[in-house]
Amino acid sequence: MVVLGEMAHIVAEGPNGPRGHSPLALAEQNRSKNPALLCNTHHQLIDSQPHTYTVERLLGIREVHEQWVEKALGGKGADAVQPPQIAEVVHSTLLPVEHMPAYIYGGTCEQDEREVQGQLGRLRNGEMAPYIVRGKMLYAFQDLAEPGNPFEPVMVGRKVDPIRVAEWWADPDRLAWFLQLLNRALNKVTGRRGLQLDREHKRYYFAPPEPGVGLAVMYKPLNQRRKSRSVVWQPQKKLTGELRPYWYHRAVALKFLRTAERSWALSIRPELRITIDGVNPPPAQTIGGKITRKRSRTFNYDLLAEVQFWRDYLSESKPRILLPFGRPGQSIVIPTTLMQGDVTWPGIPKEHAKPFKNVEYVDDLFTWAQFNALDTRLEEVEEDESLEDEGGGDEGP
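Residues numbered from 1 in each chain as written. Predicted model: local features only at pLDDT ≥ 70, side-chain atom pairs only at ≥ 80, totals over all residues. Heavy atoms only, no water.

**Q** Before we move on, can you summarise helix α2 (residues 55-72) with the specific residues and values?
**A** Look at α2: 26 Å from first C-alpha to last across 18 residues, which is about the 26 Å you get at 1.5 Å a residue. Along α2, the positions that sit buried rather than exposed are Val55, Leu58 and Arg62. The buried residues of α2 occupy an angular sector of 65° when the element is viewed end-on, so they sit on one face. Opposite its buried face, α2 presents the exposed residues Glu56, Val64, Trp68 and Lys71, each directed more than 90 degrees away. (Helix = DSSP H or I, 4+ residues; strand = E, 2+ residues; numbered from the N terminus. Expected span 1.5 Å × (residues − 1). Buried < 20%, exposed > 50% of the residue type's maximum accessible area, 1.4 Å probe, protein only. Arc of directions from axis to C-beta.)

See below:
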């Protein structure tokens, strides 16, 4: 959501403000006739020219606008003719998480996190290996007792504690640890797609291939098969074509959200990073205005296009994003169809309505075979979990 309106006053709250000497009584100044919702540009305009935009003129503008709104909405009262209602689908900025790992494994480790990173073993079949170290315990989604797991070189002894993830979800402190594991898993996904981590702002961004060089990537937009898009570029002035003294980098904030007791979603929030040379950020006080102006021109369809870019790029145009952690069932599966809801309302005027054709991605032979093999293993794990929930099994995972 982008905030475009500002609360203004026809008569200022104090006598030294714009139109502050109006005879409008102080008691009336904050009632319905005095406040006005304006865009930033017109808010500054009317307050900088109080002799042009007098109280009488602004009240007249308000009255004309209210009459227009009343007419557009079909008038007031029970007998007013209401516009026809239509049913439409509203797309969110969330991707559903279809499957989470069933277990977290804990084992004794004498190294700190940085030392563990330098001693990890070989990753198998594209697996990812996020982990955290708390005290002398290392926690990961990999089965730390399994021979050949990437943490084998740093484990002390063979004792491993399997922990049901639901146990961590029920404890606020352990839930924070679980979220940290998920965030580190996202670091693996984005790193494999060539993105850099902006730790200060907790987002991922495209870096240039070298300083001063732009970058473009291919993706599937809202309604086309494939298209090239700039992800690192130096903007130009429209009138002169002169290059501006800064660079834009497409960026995204990704976050796992718990939507119900056992349900999760991945939030996609498109952002923009600014640098002075493709690498170094400018002073913080110079960034806000540029970002605000850019966002003020971003409306619903533009936001949907940005979300479409990121879900396509992260998934490589596939029906799901897979985060495997070695053992069968120890995977995160994220379908790439945006979560959506139904709404009944008057709708958008036809001249402003725009299509969205690439709502779903269809499996090809490779993605179908990949997921079919994984799906079989997930079903086996889920069946084992249900037996444990019913007290039918007493063995470890």
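**Q** Account for the pattern of salt bridges, naming residues and giving values.
**A** Once the charged atoms of two side chains with opposite charge are near each other, the side chains can pair. Scanning all chains against the criterion turns up 16 salt bridges. A salt bridge links Arg203 to Asp198, with the nearest nitrogen and oxygen atoms 3.0 Å apart. With respect to class, Arg203 is no different from Asp198; both count as buried. The salt bridge partner of Arg250 is Glu306, with a shortest N-O separation of 3.5 Å. You can see Arg250 sitting in strand β13 (residues 247-260) and its partner Glu306 sitting in helix α7 (residues 300-315), a full 56 residues away along the chain. Here Arg250 and Glu306 have matching classes, each one buried. Each member of the salt-bridge network shares a partner with another, and the members are Asp198, Arg203, Arg269, Glu271 and Arg273. (Salt bridge = Lys/Arg side-chain N within 4 Å of Asp/Glu carboxyl O.)

**Q** I'd like a description of the confidence of the model for the protein, backed by residues and values.
**A** For the protein, per-residue confidence averages 83 on the pLDDT scale, and residues scoring 70 or more make up 82% of the total. Below pLDDT 50 for its whole length, residues 385-397 participates in 14 contacts with residues either more than four positions away or in separate chains. (pLDDT = per-residue confidence, 0-100. Contact = heavy atoms within 4.5 Å.)

**Q** Describe unusual backbone geometry, and please don't skip the residues or the numbers.
**A** With a phi angle near 55°, Asn125 is a residue other than glycine that sits in the positive phi range. The topology assignment puts Asn125 in the loop between α3 (113-119) and β6 (131-134). Judged by relative accessible area, which is 80%, Asn125 ranks as exposed. At Ser317, a residue that is not glycine, the phi angle is positive and equals roughly 65°. Following the sequence through the fold, Ser317 ends up in the loop between α7 and β15 (320-324). Taking relative accessible area as the criterion, Ser317 reaches 21% and is therefore assigned partly exposed.

**Q** Go over the packing of aromatic side chains, please, and point to the residues and values.
**A** In this structure the tally under the stated criterion is 19 aromatic pairs. A centroid spacing of 5.1 Å and a plane angle of 75° characterise the contact between Tyr219 and Phe309, whose relative ring orientation is edge-to-face. Of this pair, Tyr219 sits in strand β11 (residues 215-219) while Phe309 sits in helix α7, and the two are 90 residues apart along the sequence. The buried category is assigned to Tyr219, whose relative accessible area is 7%. Measuring from centroid to centroid gives 6.4 Å for Trp310 and Tyr313, while their planes differ by 85°, and the two rings are edge-to-face. Of this pair, Trp310 and Tyr313 both sit in helix α7, three residues apart, which is roughly one turn of that helix. For Trp310, a relative accessible area of 0% puts it in the buried group. Sitting over the ring of Tyr313, Arg193 keeps its end group 4.1 Å from the ring centre. One cation-aromatic arrangement involves Lys220 over Tyr361; the distance from NZ or CZ to the ring centre is 4.7 Å. (Phe/Tyr/Trp six-rings, centres within 6.5 Å; stacked < 30°, edge-to-face > 60°. Lys NZ or Arg CZ within 6 Å of the ring centre and 35° of its normal.)

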